Amino acid sequence: MEKILVIGCSGQIGSELTLELRKLYGNANVIATDIRPAPDEIAGTGKFEILDVLDTSKLQLILEHEKITQVYHLAAILSGNAEKRPLASWDINMRSLINVLELGRELKLKRIFWPSSIAVFGPTTPRYNTPQYTIMEPNTVYGISKLAGERWIEYYFNKYGVDTRSLRYPGLISYKTEAGGGTTDYAVEIFYHAIKTGKYECFLGPKSDLPMMFMCDAIKATIDLMEADSSKLSLRSSYNVAGICFNPEQIADEIRKHIPGFEITYKPDFRQAIADSWPACIDDSVAKKDWGLNYEFDLPKMTEVMIDEIRKKLTVS
Ligand code: NAD
Ligand code: AKB
């Protein structure tokens, strides 16, 4: 019987992943934690505890008391916010991971999921069809922490046999919970502005191609990777995940098919330099070959669902 701990359950990914894990493993077998309160759907369907992942003693207590077998460690400071507080973000991103890995080793946890990001790549990486193995010289504190994290999870697998698994998520797009301070957040914000006001001022320029992925596909990929037979995994750093590649101009065109008068203007800020340093689209053939990564959502299908669901959400509230 698996007993799962989610760290960072109140964020963009955690708020959906926790509920999906509860569907699969049972409400009582998925313990949700975050440094801030959980959304009602999570607090109302199973156990939730406030946890600062830097608090090693409390983390250990929960892992032991709940007899946890698997951890999904999602707590992190994302790219945009990390640039505003570089050292504090490095501390949270790295120390939290080491805490989880060390306890994973000591308590012999069965499996640990920790997400990496396309931010591990940098301006010297080939921008198109970015290979799984390539030049990696990230120039953001977030990207540096993700690249270091990838090295650490691989190290714990090789040296101590801790079963670590990871995906290099692209920008994730969802309608349930707001994005948490990243560079790809425009692709979520744009829908709320389009529906509420018919206008959006984008903080990236029109041609900023980036890899993105709809949350349903991201959750499925995460669980598929965690359930894959260990013998199928040829790498223990982090798998490239491509999703869909588009830029602000292209998503605006797609939104206009549903909201004809939608207007987009551009006022790039500090996040433009971050976006320019990341791949435009990446090669995820290794994940496809190893454990069958696949997607359901392209840009038109994702746009349709986002608009329908956000409209419903705004009408209810
Ligand atoms: P988010 O910011 O929405 O959520 C992170 C959660 O972690 C928040 O609820 C926050 O309260 C919590 N947290 C922060 N500090 C904490 C601490 N000290 N102790 C406990 N909880 C703490 O982020 P997200 O988008 O859900 O991302 C989750 C993970 O996925 C992160 O590692 C992120 O780097 C990675 N990722 C996300 C994306 C994306 O587009 N969302 C893309 C690539 C990688
Ligand atoms: C961010 O923009 O920081 C995240 C990511 C791609 O890691 N969405």
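Every value quoted in this text rests on a predicted model; they were computed, and no experiment measured them.

1. Focus on the domain arrangement of the protein
Moving on, step 1. Under the domain assignment used here, the protein contains domain 1 (4-171 + 213-240) and domain 2 (175-212 + 244-281 + 298-316).
Moving on, step 2. Distance from the C-alpha centre of domain 1 to the C-alpha centre of domain 2: 25 Å.
Moving on, step 3. Counting from both sides, the interface comprises 27 residues of domain 1 and, opposite them, 26 residues of domain 2.
Moving on, step 4. Carbon and sulfur atoms make up 61% of the surface buried where domain 1 meets domain 2, a total of about 2200 Å² over both sides.
Moving on, step 5. If you look at where domain 1 meets domain 2, you find zero salt bridges.
Moving on, step 6. Of all the secondary-structure elements, those providing two or more residues to the side of domain 1 that touches domain 2 are α1 (14-25), α4 (79-84), β7 (128-130) and β12 (210-214).
Moving on, step 7. Residue contributions to the side of domain 1 that touches domain 2 peak at five residues, all from α4.

2. With respect to helix α8 (residues 215-227)
Moving on, step 1. Over its 13 residues, α8 runs 18 Å from end to end, which matches the ideal 18 Å to within 8%, given 1.5 Å per residue.
Moving on, step 2. All of the buried residues along α8 are Met 215, Asp 217, Ala 218, Ile 219, Ala 221, Thr 222, Ile 223, Leu 225 and Met 226.

3. Section: the sheet that holds strand β14 (residues 244-246)
Moving on, step 1. The three strands are arranged β10-β12-β14 in an open sheet whose pairing can be described as mixed. What marks the edges here is a single partner per strand, and that holds for β10 (171-173) and β14. Going across the sheet, the axis of each strand differs from the next one's by a mean of 40 degrees, ignoring polarity.
Moving on, step 2. By the bridge criterion, three bridges tie β10 to β12 in an arrangement that is parallel. Looking across to β12, one finds that Leu 172 is bridged to Met 213.

4. Description of the site of ligand 2
Moving on, step 1. Neighbouring ligand 2 are Leu 78, Ser 79, Ser 117, Ile 118, Tyr 142, Gly 182, Thr 183, Thr 184 and Trp 278.
Moving on, step 2. Taking Thr 184, its side chain carries an N or O atom lying 2.8 Å from a nitrogen atom of ligand 2.
Moving on, step 3. Against a free-state accessible area of 250 Å², the protein chains account for coverage of 93% of ligand 2.
Moving on, step 4. A breakdown of the residues in the shell around ligand 2 according to their chemical character gives four nonpolar, five polar and no charged.

5. What to know about the packing of aromatic side chains
Moving on, step 1. Counted by the stated rule, this structure contains ten aromatic pairs.
Moving on, step 2. Judged by centre distance (5.7 Å) and plane angle (40 degrees), the rings of Tyr 72 and Phe 113 are tilted. Of this pair, Tyr 72 sits in strand β4 (residues 70-73) while Phe 113 sits in strand β5 (residues 111-113), placing them 41 residues apart in sequence. Both residues of the pair, Tyr 72 and Phe 113, count as buried.

Rules of the game
Residues numbered from 1 in each chain as written. Chains lettered and ligands numbered in written order. Predicted model: local features only at pLDDT ≥ 70, side-chain atom pairs only at ≥ 80, totals over all residues. Heavy atoms only, no water. Domains from an automatic or database assignment. Contact = heavy atoms within 4.5 Å. Buried area = accessible area lost by both parts, 1.4 Å probe. Salt bridge = Lys/Arg side-chain N within 4 Å of Asp/Glu carboxyl O. Helix = DSSP H or I, 4+ residues; strand = E, 2+ residues; numbered from the N terminus. Expected span 1.5 Å × (residues − 1). Buried < 20%, exposed > 50% of the residue type's maximum accessible area, 1.4 Å probe, protein only. Pairing = 2+ DSSP bridges. Axes fitted to C-alpha atoms, helices over the stretch in contact; angles between N-to-C directions. Near = heavy atom within 4 Å. Polar contact = N/O pair within 3.5 Å; in protein donor to acceptor, adjacent residues only side chain to side chain. Areas by Shrake-Rupley, 256 points an atom, 1.4 Å probe, with all protein chains shown as cover. Nonpolar A, V, L, I, M, F, W, Y, C, P; charged D, E, K, R; others polar. Phe/Tyr/Trp six-rings, centres within 6.5 Å; stacked < 30°, edge-to-face > 60°.

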